[in-house]
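Fold and geometry: a report
Here is what each chain is made of, one letter per residue.
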Amino acid sequence: MNVSDAIASRRSVRGFLDTPVDGAVLRRVLERAARAPSGGNLQPWHIYAVGGDELARLKEIMARRIFEAPRGETTEYDIYPKELCAPYTERRFQVGEDLYSHLGIPRDNKAARLQWFARNFMFFGAPAALFCYVNRCMGPPQWSDLGMYLQNVMLLLREEGLDSCPQECWAMYPQTIAGFTGAPPELMLFTGMAIGFKDPDEPANRLEAQRVALDEFAEFRGL
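Volume-wise, the second largest pocket comes out at about 210 Å³. Lining the second largest pocket are 15 residues, and of these Val-21, Gly-23, Leu-26, Val-50 and Gly-51 sit closest to its centre. Mapped by element, the contributors of at least two residues to the lining of the second largest pocket are helix H2 (23–33) and strand E1 (45–51).

Taken as a whole and assessed by the stated rule, the structure comprises twelve aromatic pairs. When the centroid spacing of 5.2 Å and the interplanar angle of 80° are considered together, the rings of Phe-121 and Tyr-173 count as edge-to-face. Taken as a pair, Phe-121 in the loop between helix H5 (110–117) and strand E2 (128–135) and Tyr-173 in the loop between strand E3 (163–167) and helix H7 (174–181) lie far apart in primary sequence, 52 residues in all. Across the pair, exposure class does not vary: Phe-121 and Tyr-173 are buried alike. Considering the side-chain rings of Phe-131 and Trp-170, the 5.3 Å spacing of their centres and the 85° angle between planes classify their relative orientation as edge-to-face. You can see Phe-131 sitting in strand E2 and its partner Trp-170 sitting in the loop between E3 and H7, a full 39 residues away along the chain. Comparing Phe-131 with Trp-170 shows no difference in burial state: the two are buried. Cluster of aromatic residues (ring-pair linked, three or more members): Phe-117, Phe-121, Phe-123, Phe-131, Trp-170 and Tyr-173.

Topologically, Pro-184 is positioned in the loop between H7 and strand E4 (187–196). Sequence-wise, Pro-184 and Asn-135 are 49 residues apart; in three dimensions their C-alpha atoms are separated by 9.5 Å.

For the α-helix, the turn length of 3.6 residues means that residues three or four positions removed from each other point alike. Relative to the 28 Å expected for 20 residues at 1.5 Å per residue, helix H6 (residues 140–159) spans 29 Å between its end C-alpha atoms, a close match to the ideal helical length. Buried within H6 we find Gln-142, Asp-145, Leu-146, Tyr-149, Leu-150, Val-153, Met-154, Leu-155, Leu-156, Leu-157 and Arg-158. Along its buried surface, H6 packs onto helix H1 (3–9), H2, E1, E2, E3 and E4. Once H6 ends, the next one or two residues include Gly-161, with phi positive near 85°.

Bringing unusual backbone geometry into the picture now. For the peptide bond that leads from Ala-86 to Pro-87, omega is 5°, which places it in the cis range. Its place among the elements puts Pro-87 in the loop between helix H3 (52–68) and helix H4 (88–103). Unusually for a residue other than glycine, Phe-123 sits at a positive phi of about 55°. Note on Phe-123: relative accessible area 0%, which makes it buried.

Thresholds applied
Residues numbered from 1 in each chain as written. Predicted model: local features only at pLDDT ≥ 70, side-chain atom pairs only at ≥ 80, totals over all residues. Heavy atoms only, no water. 1 Å grid on protein atoms, 1.4 Å probe; cavity = no way out; pocket = protein on both sides within 12 Å on 5 of 7 lines; lining within 4 Å. Points joined across faces, edges and corners; volume = space filled by probe spheres on them. Helix = DSSP H or I, 4+ residues; strand = E, 2+ residues; numbered from the N terminus. Phe/Tyr/Trp six-rings, centres within 6.5 Å; stacked < 30°, edge-to-face > 60°. Buried < 20%, exposed > 50% of the residue type's maximum accessible area, 1.4 Å probe, protein only. Expected span 1.5 Å × (residues − 1). Contact = heavy atoms within 4.5 Å.

Next up, the structure:
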């Protein structure tokens, strides 16, 4: 698979088969992804990869936790800006409506939408997952480095025939996940990611989030 095909076929998959993910493949992907650039070669990412019995244990923990604290814990960063403005508010709204349209859940059925959202914390049935942490001493440039590393991970997973779903929703439960991973206090949870093989029968996987036209976000000078 070339890079263009990997980019074109990458989707945020929200329904996985229970087919196991080979640990050796995941190790290879995480190692190769570390060729991502980072300012000063800091390589600020710290990864916890989870599968098998440990992932099953985490899902049991989260099944209890989302019942105990359905609104999450004290988040350590804003997943979205508090004052999100146009056109970003419209884009966020549209992708949500498109997803729930595929699922057949109307806007006024809040209970069904919340029930669907809770599937995030079961990794949408994925058999493998990761959590990405960053040291608290790092700033915005290093957080952008995390994104480049994770993009490498997702594209290399496609090369291996695997799918993924990056999930910042895990930032809602930083204390619970730190207790599970054993992450030291100097590390902050950035995101989780579900990893596995896409379930072709899952309606949510029919979603193809739209992208704005090039001229809406790029300007060319002298080209």
